[in-house]
Amino acid sequence: MNTKFATFLMVLALTICSQGQAYTISSFGESNFQGISPSQLAAFDAIVGVTGYLIEDFEDSTPVEGFTFQTGSHANLGASVRSDFPEAIWDGQFVGNDNVALGPIVMGYAPGTSSIGFGLGDVESVVSIVVNGSTLISDLRNLPNYQRVRDNAREVYVRIDAEIGDAAITEVSFVGSTGDFVFVDRVALNTTGVPEPSSFLLCLLGLAVLKIRRS
């Protein structure tokens, strides 16, 4: 087999193997909000694609298993919950909230998930969405369906999906530098597993091609 061709195939395989982190983002406008009754929430979950997901609704101080919610002011979910602005709530009576100027709002999910959804509100300045330590959206107001209707209100529901080869989503942060209070609610977590990494299979494919060429 031609040595240069073999080297080319190996480099190509290794290049493909190194690819990843191509998370897909979907956004849904505030007008899709369906209300707070169980039947309405079921319809809403279907619209935003989180049917059957594990839901953190911020209705009590005990998070769902594996989920953490930390902010610049507080290190636990309960201390960061308020119900002062009902128009900012996506379900129930409470919502996670803090000033991003005091530090990032960090949602963690220890088991890792292939898909996470969350409702956001009252974003009035540049706030980035950071997934597993890497900035995915530099200004979430640029999301296609972000809607600034009024102050202290719901604005956009976001779903982030890992693609084949992406690392499981274990942390989503909202990072800003100005005095902007950000509301977070109805966090949805897919608990059915994460995509199988494609890198190993692609590497095997590359090696198999080289072996065939040498035969």
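Higher on the page you've got the structure.
Note that the coordinates shown come from a computational prediction; the quantities given were computed from them, not determined experimentally. (Residues numbered from 1 in each chain as written. Predicted model: local features only at pLDDT ≥ 70, side-chain atom pairs only at ≥ 80, totals over all residues. Heavy atoms only, no water.)

## Quick notes on the overall build of the protein chain
Convention followed: For the purposes of this entry, the term helix denotes a DSSP run of H or I that reaches at least four residues, the term strand denotes a run of E that reaches at least two, and both are numbered from the N terminus. Contact definition: two residues touch when any of their heavy atoms are within 4.5 Å.
When you go through the protein chain residue by residue, the secondary structure sums to three helices and twelve strands. Sequence-distant contacts in the protein chain: of pairs separated by 6 or more residues, those separated by 24 or more amount to 80%.

## Describing the nonpolar core
Here is the rule: For the purposes of this section, nonpolar cores are sets of buried Ala, Val, Leu, Ile, Met, Phe, Trp, Tyr and Cys residues that join through side-chain atoms within 4.5 Å. Buried means the residue's accessible area, taken with a 1.4 Å probe over protein chains only, is under 20% of the maximum for its type, while exposed means over 50%, and partly exposed covers the values in between.
Core analysis: the largest hydrophobic core is formed by 32 residues, its most contacted members being Met 107, Phe 118, Ile 129, Leu 140, Phe 174 and Val 184. When contributions to this core are tallied by element, the ones reaching two or more residues are strand E3 (67-70), strand E6 (105-113), strand E7 (115-121), strand E8 (127-131), strand E10 (154-161), strand E11 (169-176) and strand E12 (181-189). With four residues, the top contributor of residues to this core is E12. Residues in contact with Val 184, not counting those within four places in the same chain, are Phe 58, Phe 69, Val 95, Gly 96, Ile 105, Met 107, Phe 118, Gly 119, Leu 120 and Phe 174.

## Re helix H2 (residues 38-48)
Convention followed: Here the arc refers to the set of directions running from the helix axis out to each C-beta atom.
For H2, every residue scored as buried is listed here: Leu 41, Phe 44, Asp 45 and Val 48. Mapping the buried residues of H2 onto a view down its axis gives an arc of 100°, with all of them on the same face. What points out from H2, more than 90 degrees from its buried face, is the exposed set Ser 39 and Ala 46. In this structure, the buried residues of H2 make contact with strand E1 (24-29), E10 and E12.

## Regarding the pairing of E6
To keep things clear, this is the line we draw: DSSP bridges decide pairing: two strands pair if at least two such bridges lie between them.
The buried count for E6 comes to seven of nine residues, which makes it a mostly enclosed element. One ladder, built from four bridges, connects E3 with E6; its direction is antiparallel. Bridge pairing in E6 links Gln 70 to Val 106. Sheet topology places E6 next to E11; five bridges connect them, and they run antiparallel. Bridging across to E11, Met 107 finds its partner in Val 172.

## Points about empty space enclosed by the protein
The condition is simple: Space inside and on the surface of the protein is sampled on a 1 Å grid over the protein atoms alone, with a cavity defined as a set of points where a 1.4 Å probe fits but cannot get out and a pocket as an open set with protein on both sides within 12 Å along at least 5 of 7 lines; lining residues have an atom within 4 Å of a point. Grid points are joined across faces, edges and corners, and a volume is the space filled by probe spheres set on the points. Only Asp, Glu, Lys and Arg are considered charged in this grouping, and only Ala, Val, Leu, Ile, Met, Phe, Trp, Tyr, Cys and Pro are considered nonpolar; every other residue, Gly among them, is considered polar.
This model, assessed by the stated rule, comprises one cavity of 30 Å³ or more. In this model, the largest cavity occupies a volume close to 40 Å³. Lining the largest cavity are Phe 67, Met 107, Gly 108, Tyr 109, Thr 113, Ile 116, Ile 169, Thr 170, Glu 171, Val 172 and Leu 189. Those elements that place two or more of their residues in the lining of the largest cavity are E6 and E11. Of the residues contributing to the lining of the largest cavity, the split by class is seven nonpolar, three polar and one charged.

## Some thoughts on the packing of aromatic side chains
In plain terms, the rule: Planes of paired rings set the category: under 30 degrees apart is stacked, over 60 is edge-to-face and the rest tilted, where pairs are Phe, Tyr or Trp rings (Trp by its six-membered ring) whose centres lie within 6.5 Å.
Taken as a whole and judged by the stated rule, the model has seven aromatic pairs. Among the aromatic side chains, those forming a connected cluster through ring pairs are Phe 44, Trp 90 and Tyr 157.

## Concerning the side chain of Asp 180
Spelled out, the test is: Counted as a polar contact is a pair of N or O atoms within 3.5 Å, where, for protein atoms, one must be capable of donating a hydrogen and the other of accepting one, and residues adjacent in sequence contribute only when both atoms are in side chains.
Within the element layout of this structure, Asp 180 appears in the loop between E11 and E12. Looking at Asp 180, its side chain comes within polar contact range of the main-chain nitrogen of Glu 124, at 2.7 Å. With residues up to four places along the chain from it excluded, the contact list for Asp 180 reads Asp 98, Asn 99, Val 100, Asp 122, Val 123, Glu 124, Ser 125 and Val 127.

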